[in-house]
Amino acid sequence: MTMPAEIEPDQHFRVRRARTADVRHIRGLLDGYAARRILLSKETVTLYEDIQEFWVAETGAGDGSGTVIGCGALHVMWEDLAEVRTLAVGTEWRGHGVGHALLSRLLRVAEELGVARVFCLTFEVDFFARHGFERVEGTPVDTDVYAQLLRSADEGVAEFLDLDRVKPNTLGNVRMLRRLGTTSQNDRAGSRQAN
């Protein structure tokens, strides 16, 4: 089921599923954050391979003719666990609700997929805390799931597992988790505005 683009209340942007033509814009957003070591860079081929996980915020009518001003992805890791990845907003659009709108959409998608917990690795602790995420220590999965996840070639899964080979890239990031079904004040306010 494809969710339609929705205009955000009192905003001049829409959130919609990403398309392959958006990868160059996602690349631009990602490069700005990667240069400051806030997000890990990704190969362009990986962005294309993962495009079905991405949502973008764009100015205009939501038909692809506007400017992409933010992006975010939801990557399912296990039956009850997904990760918010590559959540980035253009510098001039920070503080205008773009990140909130993207994260809210990703959390709705996670709920639709039946995911019970959403993980992130972030420097933006206050932002994610306002959306119901809490700091976690260690890897919040049992040993059987951990053993299965070790088989993944995905670098994000390696980050989630806190494997030594990715630690130099993730130093200083905070591991956070949100249990779905628990709504943050920001998400409740956004739902009331949308109705």
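Above this text you will find the structure in question.
Anyway, here's the lowdown on the structure attached to this text. (Residues numbered from 1 in each chain as written. Predicted model: local features only at pLDDT ≥ 70, side-chain atom pairs only at ≥ 80, totals over all residues. Heavy atoms only, no water.)

1. Focus on the overall build of the protein chain
Here comes step 1: Looking only at helices and strands, one finds eight helices and eight strands in the protein chain.
Here comes step 2: Split into buried and exposed, the 195 residues of the protein chain put 48% on the buried side.
Here comes step 3: In the protein chain, of all internal contacts separated by at least 6 residues, the share reaching a separation of at least 24 is 66%.
Here comes step 4: Accessible surface for the protein chain amounts to roughly 10300 Å². Of this, 49% is attributable to carbon and sulfur atoms. (Helix = DSSP H or I, 4+ residues; strand = E, 2+ residues; numbered from the N terminus. Buried < 20%, exposed > 50% of the residue type's maximum accessible area, 1.4 Å probe, protein only. Contact = heavy atoms within 4.5 Å. Areas by Shrake-Rupley, 256 points an atom, 1.4 Å probe, with all protein chains shown as cover.)

2. Digging into the nonpolar core
Here comes step 1: Among the nonpolar cores identified, the biggest contains 44 residues, and V84, V118 and F128 are the most heavily contacted of them.
Here comes step 2: Residue contributions to this core peak at eight residues, all from helix α3 (residues 98-113).
Here comes step 3: Excluding residues that lie within four positions of it along the chain, V84 makes contacts with A73, L74, L103, L106, V118, F119, C120 and F128.
Here comes step 4: Core analysis: the next-biggest nonpolar cluster, separate from the first, contains six residues, M77, L81, L121 and L177 among them. (Core = buried A, V, L, I, M, F, W, Y, C linked by side-chain atoms within 4.5 Å.)

3. Some points on the side chain of T122
Here comes step 1: Tracing the chain through its elements places T122 in strand β6 (residues 117-122).
Here comes step 2: Only 2.8 Å separates the side chain of T122 from the backbone nitrogen of E124, close enough to count as a polar contact.
Here comes step 3: Non-local contacts of T122, meaning those with residues more than four positions away in its chain, are made with F128, N173, V174 and M176. (Polar contact = N/O pair within 3.5 Å; in protein donor to acceptor, adjacent residues only side chain to side chain.)

4. Observations concerning the pairing of strand β3 (residues 54-59)
Here comes step 1: Most of β3 sits out of view: six of its six residues are buried.
Here comes step 2: Relative to β3, strand β2 (residues 13-17) runs antiparallel, the two sharing five bridges. Its bridge partner being in β3, R16 is matched across the sheet by V56.
Here comes step 3: Sheet topology places β3 next to strand β4 (residues 68-78); five bridges connect them, and they run antiparallel. Residue pairing across strands places W55 opposite G72, the latter belonging to β4. (Pairing = 2+ DSSP bridges.)

5. A closer look at the packing of aromatic side chains
Here comes step 1: Using the criterion set out here, one finds three aromatic pairs in the structure.
Here comes step 2: Measuring from ring centre to ring centre gives 6.2 Å for F13 and W93, while their planes differ by 80°; the resulting arrangement is edge-to-face. Separated by 80 residues along the polypeptide, F13 in strand β2 and W93 in the loop between β5 (81-89) and α3 bring together distant segments of the chain.
Here comes step 3: Note on F13: relative accessible area 0%, which makes it buried.
Here comes step 4: Taken together, a centroid distance of 5.1 Å and an interplanar angle of 80° make the contact between F128 and F133 edge-to-face. Residues F128 and F133 agree in their burial class; the two are buried.
Here comes step 5: Through successive ring pairs, a cluster of aromatic residues spans F127, F128 and F133.
Here comes step 6: Looking at R36, its charged tip hangs above the ring of Y33, at a distance of 5.0 Å from the centre. (Phe/Tyr/Trp six-rings, centres within 6.5 Å; stacked < 30°, edge-to-face > 60°. Lys NZ or Arg CZ within 6 Å of the ring centre and 35° of its normal.)

6. Some points on the side chain of T86
Here comes step 1: Residue position: T86 is located in strand β5.
Here comes step 2: At a separation of 3.1 Å, a polar atom in the side chain of T86 contacts the side chain of K42.
Here comes step 3: Ignoring any residue separated from it by four or fewer positions in sequence, one finds T86 in contact with L30, L39, K42, F54, C71 and G72.

7. Quick look at the pattern of salt bridges
Here comes step 1: Per the stated rule, a full pass over the model turns up six salt bridges.
Here comes step 2: For E58, the salt bridge is made with R16, and the minimal N-O distance between the two is 3.1 Å. Placement of the pair is E58 in strand β3 and R16 in strand β2, with a sequence separation of 42 residues. For the pair shown, E58 and R16 are each scored as buried.
Here comes step 3: What you see here is one network of salt bridges that share partners, running through R16, D22 and E58. (Salt bridge = Lys/Arg side-chain N within 4 Å of Asp/Glu carboxyl O.)

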